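Each chain is listed here by its residues.
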Amino acid sequence: MTTPGDLPRTPLSRLLEEISWEGRSVVKYRDGGRGKENVLTAEVLTALDYLPRGAYLGNVLRHAHGASTAVGRAADEAEDAELVFLPDEYVLSRTARGKADLVVQPDATITSPSSLVLVEAKAIRAGTFGPEQLAREYVAVTAAAGERTPLLLLVLGTAPPVAIRGRSGRFEVAEAVAANLEAVYAKAAPHPWPLEELRARVPECCAWLTWAEVAGLVTAEHERGRHSGTFAARTVDRLVGTVTQAVRWHG
């Protein structure tokens, strides 16, 4: 039997694995998955993976809002990063019998020599977070980073404030992450940081971008024409078109 860790690390194979668990809901993909965040993320990440990294992925990361040091480090190392769409889940705690109990399934990770980015993407037209979702993801990336600089990067349909299911009102990103942090911390396995440090470092470890900004940054870089006249120019044209068309179509 194939386990998630055995799957090829291509966005297509990971997307198909995810869809295979949809059951009867798979009919929602009959229109090409329009509006589905996983499809949009797979399309955009595939293009950013193959575009010249420093100019495109690095530029996108560098323009994220918040966590300037973590964002800058991830951007500087974009050329050496490994992008994984729908990576293996992070296990925050296990039962007495060793079964995964508290888990996080990121939409993507970007791992480089001194940076670990956990990407949480939302659909362009809707984007409500689960009650503990952001707190769990923040705990996961900070625990897993080790000596790397951790970054939780949200890609949103609209700029914050964001909505949390079951809570009235809307919240800025740092506020949304911290909302259930203590509860998650209490349930998770021991974390390398004490709770107060974890809470204090939310602003330096969390950033966000909108899908429209991603498309705009890719388009602006393309218009600079750095790769025009090179052997790869037409390839760059097509990949940039993939990003802009995906964001427009899913929106």
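Higher on the page you've got the structure.
Attention in this report is confined to the structure presented alongside it. Bear in mind the structure is a predicted one, so any value in this text is a computation, not a measurement. Counting from 1, residues in each chain are numbered in the order their sequence is written. Local features in this predicted model are restricted to residues of pLDDT 70 or higher, and side-chain atom pairs are both shown and tallied only at a pLDDT of 80 or more, whereas totals for entire chains, interfaces and linings draw on every residue. Derived side-chain values reflect all non-hydrogen atoms in the structure, with water molecules and hydrogen atoms excluded from consideration.

## Overview of the layout of surface pockets
Line of reasoning, step 1. Of the two site types, the cavity is a set of points on a 1 Å grid over the protein atoms alone where a 1.4 Å probe fits but cannot get out, and the pocket is an open set with protein on both sides within 12 Å along at least five of seven lines, each lined by residues with an atom within 4 Å of a point. Grid points are joined across faces, edges and corners, and a volume is the space filled by probe spheres set on the points. Roughly 320 Å³ of internal volume is contained in the largest pocket.
Line of reasoning, step 2. Lining the largest pocket we find 13 residues, and of these Q105, D107, E120, Q133 and E137 sit closest to its centre.
Line of reasoning, step 3. For the purposes of this entry, the term helix denotes a DSSP run of H or I that reaches at least four residues, the term strand denotes a run of E that reaches at least two, and both are numbered from the N terminus. In terms of residue count, the dominant contributor to the lining of the largest pocket is helix α5 (residues 133-144) (three residues).
Line of reasoning, step 4. When grouped by side-chain class, the residues that make up the lining of the largest pocket number three nonpolar, three polar and seven charged. For this scheme, ten residues count as nonpolar: Ala, Val, Leu, Ile, Met, Phe, Trp, Tyr, Cys and Pro. Four count as charged, namely Asp, Glu, Lys and Arg, and the remainder, Gly too, count as polar.

## Topic: the environment of D76
Line of reasoning, step 1. As for its placement among the helices and strands, D76 is situated in helix α4 (residues 68-76).
Line of reasoning, step 2. Accessible area is worked out with a 1.4 Å probe on protein chains only. A residue is then buried under 20% of its type maximum, exposed over 50%, and partly exposed in between. Among the residues examined, D76 registers a relative accessible area of 61% and is labelled exposed.
Line of reasoning, step 3. Taking C-alpha positions, D76 is 26 Å from R234, a pair spaced 158 residues apart along the chain.

## Description of the pattern of salt bridges
Line of reasoning, step 1. Each salt bridge in this description consists of a side-chain nitrogen of Lys or Arg and a carboxyl oxygen of Asp or Glu lying within 4 Å of one another. All chains considered together, the criterion is met by 11 salt bridges.
Line of reasoning, step 2. Of the charged contacts in the structure, one is a salt bridge between R199 and E182, with a shortest N-O distance of 3.7 Å. Highlighted residues: R199 in helix α8 (residues 195-200) and E182 in helix α7 (residues 181-187), separated in sequence by 17 residues.
Line of reasoning, step 3. Via salt bridges that share partners, E132, R136 and K187 belong to a single interconnected network.

## Considering the side chain of T142
Line of reasoning, step 1. Tracing the backbone through its elements, the reader meets T142 in helix α5.
Line of reasoning, step 2. T142 sits in the buried class, given a relative accessible area of 2%.
Line of reasoning, step 3. Whenever a nitrogen or oxygen atom comes within 3.5 Å of another N or O atom, the pair is scored as a polar contact, on the condition that within protein one atom can donate a hydrogen and the other can accept it, and that pairs from neighbouring residues in sequence are kept only if both atoms are in side chains. Within the structure, T142 has its side chain in polar contact with the backbone oxygen of Y138 (distance 2.7 Å).
Line of reasoning, step 4. A polar contact of 2.8 Å, which involves the side chain of T142, links it to the side chain of H191.
Line of reasoning, step 5. Residues within four places of T142 in sequence aside, it is in contact with P150, H191, P192, W193, L198 and C205. Contact definition: two residues touch when any of their heavy atoms are within 4.5 Å.

## What to know about the sheet that holds strand β7 (residues 149-156)
Line of reasoning, step 1. Pairing within the open sheet is mixed, and its five strands lie in the order β1-β4-β5-β7-β9. The outermost strands of the open sheet, each flanked by one partner alone, are β1 (82-85) and β9 (206-210). In this sheet, adjacent strand axes meet at a mean angle of 20° when their direction is disregarded.
Line of reasoning, step 2. Only when DSSP finds a minimum of two bridges between them are two strands counted as paired. Note that strand β5 (residues 115-121) and β7 share seven bridges and pair parallel. Bridge pairing in β7 links A121 to V155.
Line of reasoning, step 3. Packed on one face of the sheet, helix α2 (residues 37-50) meets β1, β4 (108-112) and β5 and runs near 160° to β1.
Line of reasoning, step 4. An axis is simply a line fitted to the C-alpha atoms; with a helix, the fit covers only the stretch in contact. Between two such axes, the angle follows the N-to-C directions and lies from 0 to 180 degrees. Against the sheet, α5 touches β5, β7 and β9, its axis set at about 150° to β7.

## Topic: the nonpolar core
Line of reasoning, step 1. In plain words, nonpolar cores are sets of buried Ala, Val, Leu, Ile, Met, Phe, Trp, Tyr and Cys residues tied together by side-chain atoms within 4.5 Å. Core analysis: the biggest nonpolar cluster contains 49 residues, and V44, Y56, I110 and W211 have the highest contact counts within it.
Line of reasoning, step 2. Examining the composition of this core, we find that seven residues originate from one element, α2, more than from any other.
Line of reasoning, step 3. Aside from chain neighbours lying at most four places away, what touches W211 is L40, T41, V44, A121, K122, I124, V155, L156, G157 and V247.
Line of reasoning, step 4. One finds V184, A188, L198 and V202 within the second-largest nonpolar core, a separate group that totals 33 residues.

## As for empty space enclosed by the protein
Line of reasoning, step 1. Scanning all chains against the criterion turns up one cavity of 30 Å³ or more.
Line of reasoning, step 2. Taken as a whole, the largest cavity holds about 140 Å³ of empty space.
Line of reasoning, step 3. Around the largest cavity sit 15 residues that line it, and L45, L48, V119, L153 and V155 are the ones nearest its centre.
Line of reasoning, step 4. Counting residues per element, the ones that place at least two in the lining of the largest cavity are α2, α3 (57-62), β5, β7 and α10 (211-223).
Line of reasoning, step 5. A per-element tally of the lining of the largest cavity places α2 first, with four residues.
Line of reasoning, step 6. Residue composition of the lining of the largest cavity, grouped by class: 14 nonpolar, one polar and no charged.

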